[in-house]
Every structure is written in structure tokens, then in C-alpha cells.
Amino acid sequence: QVQLVESGGGLVQLGGSLRLSCAASGRIFRIYSMGWYRQAPGKQRELVTSITSGGSTNYADSVKGRFTISRDNAKNTVYLQMNSLKPEDTAVYYCNADLEGSDFPSGDNYWGQGTQVTVSS
């Protein structure tokens, strides 16, 4: 069974840093794009950043210059380095990936379970 497992969330003070990780496990044939979304209480889930298999990235305007996405294709893992964190970054962060795996060899979209990030002022 293919799964995305996140780690690295927690509580941090204003201006602090956190690094999230998301590892894809199971029988995986190929991973296309990977990304991070977040959902704050009472708000819709929004795209934070994504990265293609070739390394092209895009970022939401609200995190440009503060967050950095990267991936290790050998480890089927994507990372999110978050610096200069603000209270408005508080949310549950979800990993997302388009991949081909044993569950759906033709490809499907997967979500992680989410990890809480809380920034205190």
C-alpha cells in the first residue's frame, strides 16, 4: 500500500524555523510532482509549494523568500524548510504527490495525514 508519511511539525516562536519531511512508502514506480498544502482553522486548504520531478518549483506569494521545497528522489522524500515563521503560517500541513505505484499503476494523487505547525507570537 502506497502511503505518504509526514514528520517535523510542532510549536515554534515567531521568527523561528521548522523542517517538514514527507516520505512516500510502498511499492512506487515513479513520482511526478510533490507538494505541500496547508489548512488553517476555518479556511480552505491552499497550495503552499510544489516541485516537479525535474526540480522546478513554485511558491505561494505568502511564503516566497521564507520557505524552500526540495526533494530526494532516491529516498522518495520531499522536504519543506520553513524560516521566519509567522503566526499566520499556523495550520495543518499536508504532503501531496502524483505518483505511479502498486495501488494504481496508471497513476494517482496521494495525501499525507497532515502535521500541525503552530507559530506563537
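The structure under discussion appears in the preceding block.
The sections below set out a description of the structure shown in this document.

So, on to the pattern of salt bridges. Summed over the entire model, instances satisfying the criterion amount to four salt bridges. Among the salt bridges present, the one from Glu46 reaches Arg38, with a minimum N-O distance of 2.7 Å. For Glu46, a relative accessible area of 37% corresponds to the partly exposed category. Between Asp89 and Arg38 there is a salt bridge, with its nearest N and O atoms 2.9 Å apart. Linking Asp89 in the loop between β8 (77–82) and β9 (91–101) with Arg38 in strand β4 (residues 28–39), this pair joins segments that are 51 residues apart in sequence.

With the rule as written, the count across this model stands at one disulfide. The disulfide that involves Cys22 links it to Cys95, with 2.1 Å between the sulfurs. As the torsion about the S-S bond is roughly -80°, the Cys22-Cys95 disulfide counts as left-handed. Within this pair, whereas Cys22 is found in strand β3 (residues 18–25), its partner Cys95 is found in strand β9, the two being separated by 73 residues in sequence. In terms of burial, Cys22 and Cys95 fall into one category: buried.

Let us look at the sheet that holds strand β7 (residues 67–72). Read across the sheet, four strands follow the order β1-β3-β8-β7 without closing on themselves; strand pairing throughout is antiparallel. With one partner strand each, in any of the chains shown, β1 (3–7) and β7 form the two edges of the open sheet. Going from strand to strand, the sheet's axes swing by 15° on average, the running direction of each strand aside.

Here we come to the nonpolar core. Ranked by size, the top nonpolar core spans 30 residues in total, and within it Leu4, Trp36, Phe67, Val78, Met82 and Tyr93 carry the most contacts. Those elements that provide at least two residues to this core are β3, β4, β5 (46–51), β7, β8, β9 and β11 (115–120). Top element by residues in this core is β9. It accounts for five residues.

As a further point, take the packing of aromatic side chains. What the rule picks out here adds up to two aromatic pairs. Look at Tyr37 and Trp111: their rings are 4.9 Å apart centre to centre, the planes differ by 65°, and that puts the pair in the edge-to-face class. Of this pair, Tyr37 sits in strand β4 while Trp111 is found in strand β10 (residues 108–111), placing the two residues 74 residues apart along the sequence. Taken together, a centroid distance of 6.5 Å and an interplanar angle of 85° make the contact between Tyr94 and Trp111 edge-to-face. Taken as a pair, Tyr94 in strand β9 and Trp111 in strand β10 lie far apart in primary sequence, 17 residues in all. With relative accessibility at 14%, the residue Tyr94 sits in the buried group. A residue is classified by how much of its surface remains accessible, and Trp111, at 37% relative accessible area, is partly exposed.

So, about the side chain of Glu6. With respect to the secondary-structure elements, Glu6 resides in strand β1. An unpaired buried charge is present at Glu6: no salt bridge exists, and Arg45, the closest side chain of opposite charge, is 7.8 Å distant. For Glu6, the side chain forms a polar contact with the main-chain nitrogen of Cys95, separated by 2.5 Å. Setting aside anything within four residues of it in sequence, one finds Glu6 in contact with Ser21, Cys22, Trp36, Tyr93, Tyr94, Cys95, Gly112, Gln113, Gly114 and Thr115.

Definitions and cut-offs
- Residues numbered from 1 in each chain as written.
- Predicted model: local features only at pLDDT ≥ 70, side-chain atom pairs only at ≥ 80, totals over all residues.
- Heavy atoms only, no water.
- Salt bridge = Lys/Arg side-chain N within 4 Å of Asp/Glu carboxyl O.
- Buried < 20%, exposed > 50% of the residue type's maximum accessible area, 1.4 Å probe, protein only.
- Helix = DSSP H or I, 4+ residues; strand = E, 2+ residues; numbered from the N terminus.
- Disulfide = S-S within 2.5 Å.
- Pairing = 2+ DSSP bridges.
- Axes fitted to C-alpha atoms, helices over the stretch in contact; angles between N-to-C directions.
- Core = buried A, V, L, I, M, F, W, Y, C linked by side-chain atoms within 4.5 Å.
- Phe/Tyr/Trp six-rings, centres within 6.5 Å; stacked < 30°, edge-to-face > 60°.
- Lys, Arg positive; Asp, Glu negative; His and termini not counted.
- Polar contact = N/O pair within 3.5 Å; in protein donor to acceptor, adjacent residues only side chain to side chain.
- Contact = heavy atoms within 4.5 Å.

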